[in-house]
Amino acid sequence: MSNADRHGLIAKAVRDAGDATVQELAELTGASEMTIRRDLDTLATQGVLERVRGGARTLLLRGEEPPFALRAHESIDAKRRIAARISALIADGESVLLDSGTTCLEVARLLRERPVTVMPLSLQAIHLVGETPGPATLVVPGGQPRAAEGALTGPLTLASLAALRFDTAVIGCCGLTAADGLTAYDLDDAAVKKAGIASARRVVAAADGSKLGHTAYAHVGPASLLHTLVTDTTAAAGEVTALEDGGTVVQTV
């Protein structure tokens, strides 16, 4: 098991259970307790969890959005498969709006090698696309980054979106159901997603299976706004069917 895979497994175990001991995590991962202690120190430094005597506990409150550092360790393979499919849906020469979030960051990693115009809505993706010269044309919006998350929000971001029109908007989500539609944890983030959807001819949602069937409290819009959803094989079959019945094209990778 690689370090990244082990860190992801540890982060998920602590998040799901609320806390875990070094011994429990060693049994779960097959690593030594000394290795687990080092892993927990690393993850605590990243803000993924809180280190306590003999183990670790989650930093999350009920209903709170997991921090970017934690989400970056989760479902990595699925997010990369989703990103690859989304990249394949985008033609050379397109103008692309790229939402914030860990799955969209994987899309940015692929689009920076493509002759497309891309406007990312997070500092992480802006840095990734702009760090080395490539065929992609980078457009940088205004806005105020959310702490730790790096997502750009506020009136300058909304003004940037209102001034442009995109061929495709790639939108991430905190929750998606056929009944409640697309939802986010943060009201400012929801406002940006709404504006991004309004500025694009086509909307492609990027969501791993854990987001389907889940509803956060800030409503973005009905699922019918989505032309295509790209998700992974862990998505609940009933929710996929309901979304398809509502007119969304669902591609599972």
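Structure first, text after, so check above.
These notes cover the structure that comes with them. Keep in mind that what you see is a predicted model, and the values were worked out from it rather than measured. (Residues numbered from 1 in each chain as written. Predicted model: local features only at pLDDT ≥ 70, side-chain atom pairs only at ≥ 80, totals over all residues. Heavy atoms only, no water.)

**Comments concerning the pairing of strand β12 (residues 200-206)**
Short version of the rule: Any residue under 20% of the maximum accessible area for its type is buried, any over 50% is exposed, and the rest in between are partly exposed; the area is computed with a 1.4 Å probe on protein chains only. Numbering of helices and strands starts at the N terminus; helices are DSSP runs of H or I of at least 4 residues and strands are runs of E of at least 2. Here the rule is simple: two strands pair whenever DSSP picks up at least two bridges between them.
With five of its seven residues buried, β12 lies for the most part within the structure. Note: strand β9 (residues 166-172) against β12, six bridges, orientation parallel. Following the sheet pairing, I171 is matched in β12 by A205. Taken together, the three bridges between β12 and strand β14 (residues 228-231) define a ladder with parallel strand orientation. Counterpart to V204 in the pairing with β14 is T228.

**A word on the pairing of β14**
Put simply, the test is: If the strands point away from the viewer and the path from the first strand over the helix to the second runs clockwise, then the crossover is right-handed.
Of the two faces of β14, the one lined by T228 and V230 and the one lined by L229 and T231 are each fully buried. Sheet analysis places β14 next to strand β15 (residues 249-252), joined by four bridges and oriented parallel. Note that in β15 the partner of V230 across the bridge is Q251. In the classification by handedness, the crossover that spans β14, the intervening helix α10 (residues 237-245) and the parallel β15 is right-handed.

**Brief notes about helix α5 (residues 76-89)**
Put simply, the rule reads: Given the number of residues in a helix, its expected span is that number minus one, multiplied by 1.5 Å.
A rise of 1.5 Å per residue sets the reference length of α5, with its 14 residues, at 20 Å; its end C-alpha atoms lie 20 Å apart and thus fit the reference within 8%. Three or more residues of α5 are buried, namely I76, A78, K79, I82, A83, I86 and S87.

**Some remarks on helix α7 (residues 123-130)**
The condition that has to hold: Of all possible arcs, the one meant is that of the directions from the helix axis to the C-beta atoms. Only heavy atoms matter for contacts: two residues are in contact if any of them lie within 4.5 Å across the pair.
Considered for burial, the residues of α7 that qualify are A125, I126, L128 and V129. End-on view of α7: buried residues confined to an arc of 165°, all on one side of the axis. As for α7, its buried residues are in contact with α6 (102-111), β5 (117-120), β6 (137-138) and β8 (152-153).

**Focus: the packing of helix α2 (residues 22-29) against helix α3 (residues 33-45)**
Put simply, the rule reads: With axes taken as lines fitted to C-alpha atoms, and helix axes fitted only over the stretch in contact, angles between N-to-C directions fall between 0 and 180 degrees. For this classification, under 35 degrees means roughly parallel, over 145 means roughly antiparallel, 65 to 115 means roughly perpendicular, and everything else is oblique.
At their nearest, the axes of α2 and α3 sit 9 Å apart, and the two run at 105° to each other. One element, α2, and the other, α3, form an angle in the roughly perpendicular class. Between α2 and α3, the contacting residues are V22, Q23, L25, A26 and T29 on the first element and E33, I36, R37 and L40 on the second.

**Side note on the packing of α5 against α6**
Basically, it comes down to this: Handedness of a helix crossing follows the sense of rotation of the near helix relative to the far helix, less than a right angle counterclockwise being left-handed and clockwise being right-handed. Only Asp, Glu, Lys and Arg are considered charged, only Ala, Val, Leu, Ile, Met, Phe, Trp, Tyr, Cys and Pro nonpolar, and every remaining residue, Gly among them, polar.
Interaxial distance between α5 and α6 falls to 8 Å at its minimum, and their mutual angle equals 50°. The orientation of α5 with respect to α6, classified from their angle, is oblique. By crossing handedness, the relation of α5 to α6 is classed as right-handed. Mapping the contact onto sequence places K79, R80, I82, A83, A84, I86 and S87 in α5 and T102, T103, E106, V107, L110 and L111 in α6. Looking at the contact of α5 with α6, its residues break down into seven nonpolar, three polar and three charged.

**Some remarks on the sheet that holds β6**
Overall, parallel pairing links the seven strands, which are arranged β6-β5-β4-β9-β12-β14-β15 in an open sheet. Only two strands of the sheet have a single neighbouring strand rather than two, namely β6 and β15. Strands β5 and β6 of the sheet are contacted by α7, whose axis makes an angle of about 150° with β5.

**What about the pattern of salt bridges?**
The condition is simple: The term salt bridge refers to a pairing of a side-chain nitrogen on Lys or Arg with a carboxyl oxygen on Asp or Glu at a separation within 4 Å.
Enumeration over the complete set of coordinates arrives at 14 salt bridges. The salt bridge involving R6 is made with D39; its shortest N-O contact spans 2.5 Å. In this pair, R6 is assigned in helix α1 (residues 3-17) and D39 in helix α3, connecting sequence segments 33 residues apart. A relative accessible area of 8% means that R6 is categorised as buried. Residue R109 is joined to E106 by a salt bridge in which the shortest nitrogen-to-oxygen separation is 3.3 Å. Within this pair, R109 and its partner E106 are both found in helix α6, separated by three residues, close to a single helical turn. By relative accessible area, R109 is classed as partly exposed at 33%. Each of the salt bridges in this network shares a partner with another, and the network as a whole consists of R80, E106 and R109.

Read these as layout, nothing more, since geometry by itself doesn't imply function.
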